[in-house]
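Structural description and commentary
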Amino acid sequence: MIISRQLTRLSLAGVLLGLSVAANARSEPQPSAVDIRRTSFGVPHIRAENERGLGYGIGYAYAQDNLCLMANEIVTVNGERSRYFGPDQFTIEERANPASDVFFNWLNTPQAVAGFWQAQTPEVRDLIDGYVAGYNRSLAERQAQGLPAQCQGDWVRPIAAEDLVKLTRRLLVEGGVGQFAEALAGATPPAAVAQAADGAQSFQLAAERQQRFALDCGSNAVAIGSERSFNGRGMLLANPHFPWVGGMRFYQMHLTIPGKLDVMGAALPGLPMINIGFNQHLAWTHTVDSSKHFTLYRLQLDPKDPTRYVLDGKSLPLDKQTLTVNVKQPDGQVKPVSHVVYSSVFGPVVQWPGKLDWDNQFAYSLRDANLENDRVLQQWYAMNRATSLKDLQASVHTIQGIPWVNTLAADDQGQTLYMNLSVVPNVNADKLAKCSDPRIGLKMIVLDGSNSACAWDIDPNAAQKGIYAAEQLPQLLRKDFVQHSNDSAWLVNPAQPLTGFSPLISQDSQPLGLRSRFALDRLGALAKTGKLAAADLQRMVMDDQVYLAAQVLPDLLKFCSADAAAQASVCASLKAWDGRANLDSGPGLVHFQNVMQTLQQSPDIWRVAFDPKDAQHTPRGLAFERPEVANALREAMLASAELTTKMGLKPDIRWGDIQVVSSGGQQTPIHGGPGPLGIYNAIQSVPRTDGKLEVVSGTSYLQIVTFDEKGPHAQGLLAFSLSSDPASKYARDQTLAFSQKQLSVLPFTEQQIKADPQYQVQTIRESDEKTGTVAAQ
């Protein structure tokens with residue numbers, strides 16, 4: 001059975017009161033100064049004497065660059081979008097406002113927020129309180145000057161510590177129940193199915209968003225050790241693929257507390273610490289893992305009442321939680337609307353028409369392991385302060401706060417580390433066999449909700465009840481390399497396969513993604529030419545090779561030569577194409593993408609089928625000699641020709657004319673392309689009405705770190721630039737650099753920072769707020 005931390009009404013009131021009083025107490029002005037030193041592209045290097053001051057500087061700088069973004073996300077995680085923007089609008093993620101509001105009112109209850117806050121360390125609380133104060137000061141200054149056009153309204157307000165807790169909790173469930181917001185908000189008993197049926201379009205969008213999660217939030221990572229690096233020390237390539245807009249948009253910064261903390265990298269909105277970065281001795285990054293972070297439970301309903309379920313032979317009522325969402329009416333008035341969320345002991349009931357139906361026999365509950373993860377901020381702050389790879393690994397083993405990503409790292413001693421140590425439900429293979437229907441498969445885990453023996457196992461060595469202990473999860477320490485691109489842990493390094501884990505953790509003997517195959521092939525080829533340097537890692541991303549083209553393009557061209565019915569214009573474009581996704585690559589890339597997107601839906605197109613014993617090189621080749629494959633090829637080519645004609649693409653058009661990102665009325669051409677084609681520089685873009693493709697996610701914060709006896713040397717950039725304000729001078733500058741494949745030195749030492757040609761410093765104190773002064777040097 002699930003045992004969750006419950007707060008009594010008395011203790012909850014005390015915690016909420018304590019949160020408010022403590023926040024006010026820590027808001028007293030501090031005598032120490034905070035330096036915000038900006039270098040090229042506006043990257044802030046924030047230096048303070050303690051966590052309170054550091055958080056103050058982070059919040060202040062972030063609001064200078066992304067005030068409107070943060071204000072919008074605060075409205076979202078508070079479940080207030082329908083109140084301010086009406087019920088007919090959508091979030092950035094294309095989720096209808098009412099469903100979003102119901103979900104976040106359910107997720108971020110006062111009890112949940114208070115419980116999370118109560119679990120934080122004093123250092124984390126100081127960082128959060130400082131962030132809040134710094135953000136609010138920056139907001140007040142901007143309000144006095146006039147807010148940007150995109151966030152003028154009563155929905156822009158000062159924030160509180162609770163708001164940052166809510167942002168963090170949203171991040172935690174992105175890999176779990178966060179993908180089921182519509183299913184949670186739309187779950188209704190059989191007698192009231194109209195509500196769920198009315199949201200068919202919302203569920204279609206939700207399904208597409210769920211399928212895209214690993215693409216929008218994917219990543220590549222390579223850590224090189226002493227046996228393969230040019231100087232015998234560690235090297236790291238961090239290439240997370242994250243959204244270019246919204247609440248998952250990275251922010252670049254450098255944080256220093258003299259004698260305690262010195263770390264640089266990138267963080268998600270509202271987090272006063274680095275998620276992916278480097279310090280004096282090590283560098284690390286994350287990749288979205290393939291582990292399961294939630295399970296569904298199929299509830300056997302009481303035949304007399306579909307709001308009751310049978311557990312161990314006893315009929316139990318579903319809990320009913322009434323939520324109130326304030327909804328703006330056409331006349332401008334705000335009307336409260338009630339909504340009931342049903343839950344079993346396993347979690348909330350979710351209903352997905354055609355997939356997870358709530359009828360008179362069954363319903364489905366979802367249990368997300370990260371709902372109980374209150375350790376995530378403590379985890380990342382411990383990683384920020386780690387002084388060795390051993391220290392980093394020990395912190396993850398002890399805290400177990402990483403939500404749904406792998407960690408790869410390298411250090412100045414030439415060691416590399418891979419850890420799949422995220423929060424995973426403790427369900428072993430035996431329990432899975434006894435409690436699930438094998439016909440459902442392993443893509444989504446559905447357990448028997450009528451038997452309490454099917455609840456997650458409890459390991460006393462785990463940091464949280466119901467999850468696997470760290471020592472039971474995949475990890476690998478090596479001196480040659482580790483790599484990962486969102487596959488399982490199986491072939492992080494083929495010389496030492498990681499096998500034998502629960503299917504919820506990692507599945508071996510499964511086909512590798514094409515980005516993983518590309519990385520392994522490239523690393524293998526580089527091993528034959530000598531030691532690796534930073535430029536080799538940079539080229540893995542920036543040469544924009546389409547790995548799948550090497551596997552099938554020769555067969556496509558043979559088909560074009562041998563088949564009289566092959567589409568001539570498509571064949572001509574494929575023949576002229578350079579096999580890459582560069583700005584000057586021709587329309588052959590578009591046709592290749594269209595054709596392969598169709599063909600890859602069939603598992604029977606390959607000349608050489610997948611072989612677990614040769615996973616790095618199979619499947620490969622197109623079996624166009626088979627009539628069914630030839631027919632599919634003809635149809636796919638014809639469809640691509642018709643589509644490009646409809647898009648208005650000319651035969652001499654370049655990829656850079658097609659794939660762009662818009663900012664402030666200007667368009668920037670973007671190289672790279674879909675990860676499923678094996679393009680390491682994975683870029684996701686969506687069709688526009690003018691025939692172009694608008695970039696929405698992909699390569700985001702790019703970081704290449706090496707070490708010598710003096711410390712780290714880093715190059716990188718933030719592909720979408722630092723500021724989301726179109727009027728900012730930092731809204732497009734790094735995007736242009738990315739378009740031109742120009743990485744920059746990331747200034748880390750005092751000498752590098754002060755020597756930067758764009759160096760500027762702003763010194764702030766909380767006491768300045770009373771006088772309205774800002775000291776500048």
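Residues numbered from 1 in each chain as written. Predicted model: local features only at pLDDT ≥ 70, side-chain atom pairs only at ≥ 80, totals over all residues. Heavy atoms only, no water.

Of all hydrophobic cores here, the largest spans 232 residues; its most connected members are Leu556, Phe592 and Met637. With 15 residues, the top contributor of residues to this core is helix 2 (residues 51-77). Once you skip the residues sitting within four places of it in the chain, Phe592 turns out to touch Val546, Leu548, Ala549, Val552, Leu556, Leu574, Trp577 and Leu677. (Core = buried A, V, L, I, M, F, W, Y, C linked by side-chain atoms within 4.5 Å. Buried < 20%, exposed > 50% of the residue type's maximum accessible area, 1.4 Å probe, protein only. Helix = DSSP H or I, 4+ residues; strand = E, 2+ residues; numbered from the N terminus. Contact = heavy atoms within 4.5 Å.)

Here the focus is the packing of helix 17 (residues 568-576) against helix 18 (residues 588-599). Relative to each other, helix 17 and helix 18 sit at 115°, their axes nearing to 8 Å. Between helix 17 and helix 18, the angle is such that the two are roughly perpendicular. By crossing handedness, the relation of helix 17 to helix 18 is classed as left-handed. Contact residues: Val570, Ser573 and Leu574 in helix 17; Gly588, His591 and Phe592 in helix 18. Tallied by class, the residues present in the contact of helix 17 with helix 18 amount to 3 nonpolar, 3 polar and no charged. (Axes fitted to C-alpha atoms, helices over the stretch in contact; angles between N-to-C directions. Parallel < 35°, antiparallel > 145°, perpendicular 65-115°, else oblique. Left-handed = near helix turned anticlockwise from the far one by under 90°. Nonpolar A, V, L, I, M, F, W, Y, C, P; charged D, E, K, R; others polar.)

If a probe the size of a water molecule is rolled over the atoms, the empty space left behind becomes visible. Applying the stated criterion to the full structure yields 8 cavities of 30 Å³ or more. What the largest cavity holds in volume is close to 130 Å³. Along the walls of the largest cavity sit 14 residues, with Phe242, Leu268, His286, Trp380 and Val405 positioned nearest its centre. The residue makeup of the lining of the largest cavity, split by class, is 10 nonpolar, 4 polar and no charged. Taken as a whole, the second largest cavity holds about 70 Å³ of empty space. In terms of lining, the second largest cavity is formed by Leu167, Thr168, Arg170, Leu171, Gly247, Met248, Leu268, Pro269 and Leu271. (1 Å grid on protein atoms, 1.4 Å probe; cavity = no way out; pocket = protein on both sides within 12 Å on 5 of 7 lines; lining within 4 Å. Points joined across faces, edges and corners; volume = space filled by probe spheres on them.)

Within the secondary structure, Asn108 sits in the loop between helix 4 (97-107) and helix 5 (110-118). Judged by relative accessible area, which is 6%, Asn108 ranks as buried. Each C-alpha atom, one on Asn108 and one on Glu162, is 9.3 Å from the other, the two residues being 54 residues apart in sequence. If sequence neighbours within four positions are ignored, Asn108 has contacts with Val77, Val113, Lys166 and Arg169. In this structure the side chain of Asn108 is engaged in a polar contact, spanning 3.1 Å, whose partner is the backbone oxygen of Val77. A polar contact is formed between the side chain of Asn108 and the side chain of Arg169, at a distance of 3.3 Å. (Polar contact = N/O pair within 3.5 Å; in protein donor to acceptor, adjacent residues only side chain to side chain.)

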